[in-house]
Amino acid sequence: MPRNDRLAVLMMAGLVMVAACTAPAPTTTSRPSEAAPGSAAPNTTDTGVPLEGIHAADGLGDSYYPALGNEGYDIQSVQLELRVDPEAPSLQGTADYLVTALETLDSFTFDFDTLEVEEVAVNGAEAPHSHSGGELRIDPEPVIEAGEEFEVTIMYGGAPVPFESTAAPFRTGLVQGLDSLFAFSEPDGTSSWMPINDHPLDKATYRIAATVRNPLVVAASGTLIETELVDEDTTRYVWESNDPIAPYLVAFAVGDFVRADEVGPSEIPIRNYFDDDIEPDLLVPFAAQSEMMAFLIDTFGPYPFDQYGSLVVDTVDLGAALETQTLSTYGRQSLALGEDVVVHELAHQWFGNSVSVGDWSDIWLNEGFATYTQWLWLEHKGDADRMNTDIEFAYDVMSGAFYLAEAGGADAARQIAQESFPPPGRPAPDDLFNASIYFRGGLLLHALRLEVGDDDFFNILRTYADRHAYGNATTEDFVDVVEGVTGSDFSLFFDAWLFEPEIPPIPELGLEPPR
Ligand code: ARG
Ligand code: ZN
């Protein structure tokens, strides 16, 4: 079976959401600004022009995508005032940023793809700028001193175009659905619709105002604080998030949505936005959200944000969902995964959104945890049989046992698995969402649980969620928590699970690679 068919089997099994994007699209551009890991010299611009003097270096130091972000400043808050037409599609607006300089800046860059920049001001004064290759370079006058707080205003607009992600074979950015436009930006697509410091290390609060033609509706992260009928044809919606959000996690969508409200555990409001073309049958799994939240609060600790909900968009071919903060976004085709995908995206609010990766190479910390939560939910519902079947199936695929018949021998079967599913600690930078990130990542957590016992295991999850809440963490931070809670050295365990080509055995379950 060729590799894609094998992944299709995984997806059909309802276990993983790595479908290739997405809905019908305008032309896709590829992104010139992001070089392969290691190839972008930190002190040159994306066009290779050396930055002299006291310019902040471009890039935020990500080991996989060094061109993303900029380490010279930290955005505190973003305010967008947009006009959006999802059909054109077009987006026009002003972005206001409150920023802290981390170094002295005579120049700095925002990640910004192909929309047009009309005007840039720094502290109210027009600032020279240039825009090319996915970077908007701004030269403030006077120079910004290290530690200074400053304001940036950018007027921009045009037709938003999603682009081929550097990290995976799918489109990322502001995507057009059947009657909608929605953000699906992991990991590097936010710059297709706003200028931004595009790395999870720079979280900010957001206030998003968008004016749209009636009866279109705007949904976004946070709380809807204002709905103003501007005239008989247009309405302005204002959404506000007080908790900081990583750029790729900002939810934003315009479409024919119907809002459905309920009250979740601890009085947390749940507001769902369902595209009015989605059949009610497909929405049944969302009825369990409140119970899922109660279970996850019990298991991981307090829900990190002020509200939750799900946004379902009508798409032709988007078998994936994205855990956009406080409002997860689902393509129609992802709903085939039922409660698995719903609990997966909810789990990311703790693991991914509150605790975010500090470096994209640590993506298993997001997807392994969310995948393992799917199994925890089955166990909680009393479906231990399906939990065990899913775990065994995942192990068989990852170890190669699943390919025994096809490969005609254990050595060949193991080799197929190792070629298709590299160890999750070191995914290929152009295949960031490989199934191994999900399955071997999830299996690692189950193996850890069997080794340390339930008390320590759930204590580890709660300690990790609490210690790094609203921040960033790396694999090392997680290992520190494991070793702190258990008092034992786990370096061999993590090396084997994250970096060895062959998946370790799980003796407690009698699982091992075929020999
Ligand atoms: N973080 C998403 C998830 O919950 C994966 C998004 C991948 N993107 C895509 N276009 N398939 O699994
Ligand atoms: Zn996920």
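Refer to the structure presented above.
Residues numbered from 1 in each chain as written. Chains lettered and ligands numbered in written order. Predicted model: local features only at pLDDT ≥ 70, side-chain atom pairs only at ≥ 80, totals over all residues. Heavy atoms only, no water.

1. Observations regarding the sheet that holds strand β15 (residues 223-229)
Working definition: the strands of a sheet are paired by backbone hydrogen bonds and lie parallel or antiparallel to each other.
At step 1: On the basis of which strands lie adjacent, the open sheet formed by eight strands has the order β6-β5-β9-β3-β2-β13-β16-β15 and mixed pairing. Across the chains shown, the open sheet's two edge strands, defined by having one partner strand only, are β6 (125-126) and β15.
At step 2: Bridge count for strand β2 (residues 73-85) against strand β13 (residues 204-213) is seven bridges, and the pairing is parallel. Bridge assignment links L82 to a residue of β13, and that residue is A210. (Pairing = 2+ DSSP bridges. Helix = DSSP H or I, 4+ residues; strand = E, 2+ residues; numbered from the N terminus.)

2. Here's the deal with the nonpolar core
At step 1: The biggest cluster of nonpolar side chains holds 153 residues, and the ones touching the most others in it are F252 and F478.
At step 2: Residues within four places of F478 in sequence aside, it is in contact with W364, L365, F369, L445, L448, I460, Y464 and F494. (Core = buried A, V, L, I, M, F, W, Y, C linked by side-chain atoms within 4.5 Å. Buried < 20%, exposed > 50% of the residue type's maximum accessible area, 1.4 Å probe, protein only. Contact = heavy atoms within 4.5 Å.)

3. Description of the site of ligand 1
At step 1: Not every one of the 14 residues close to ligand 1 is listed here, only the nearest: E186, E323, E345, E367 and Y438.
At step 2: Within the contact set of ligand 1, an oxygen atom lies 3.3 Å away from a side-chain nitrogen or oxygen of H344.
At step 3: In the environment of ligand 1, an oxygen atom lies 3.0 Å from a nitrogen or oxygen atom belonging to the side chain of E345.
At step 4: Relative to its unbound accessible area of 350 Å², ligand 1 is 99% covered by the protein chains.
At step 5: Contributions of two or more residues to the shell around ligand 1 are made by β21 (321-322) and α3 (338-350).
At step 6: The biggest single contributor to the shell around ligand 1 is α3, with three residues.
At step 7: For the shell around ligand 1, the class distribution of residues is eight nonpolar, two polar and four charged. (Near = heavy atom within 4 Å. Polar contact = N/O pair within 3.5 Å; in protein donor to acceptor, adjacent residues only side chain to side chain. Areas by Shrake-Rupley, 256 points an atom, 1.4 Å probe, with all protein chains shown as cover. Nonpolar A, V, L, I, M, F, W, Y, C, P; charged D, E, K, R; others polar.)

4. Some points on the environment of A320
At step 1: Topologically, A320 is positioned in the loop between β20 (310-313) and β21.
At step 2: Relative accessible area serves as the criterion here: at 7%, A320 is assigned to the buried category.
At step 3: It is 8.5 Å that separates the C-alpha atoms of A320 and R332, two residues lying twelve residues apart in sequence.

5. Quick look at the packing of helix α2 (residues 289-300) against α3
Two measures define how a pair of helices packs: the angle their axes make with one another and the distance between the axes.
At step 1: Two numbers describe how α2 lies on α3: the axes approach to 10 Å, and their chain directions differ by 45°. Taken together, the axes of α2 and α3 are oblique relative to one another. Classified by chirality, the crossing of α3 by α2 is right-handed. Contacts between α2 and α3 involve Q289, M292, M293, L296, I297 and F300 from the first element and E339, V342, V343, L346, A347 and W350 from the second.
At step 2: Along the lines of polarity and charge, the residues of the contact of α2 with α3 split into ten nonpolar, one polar and one charged. (Axes fitted to C-alpha atoms, helices over the stretch in contact; angles between N-to-C directions. Parallel < 35°, antiparallel > 145°, perpendicular 65-115°, else oblique. Left-handed = near helix turned anticlockwise from the far one by under 90°.)

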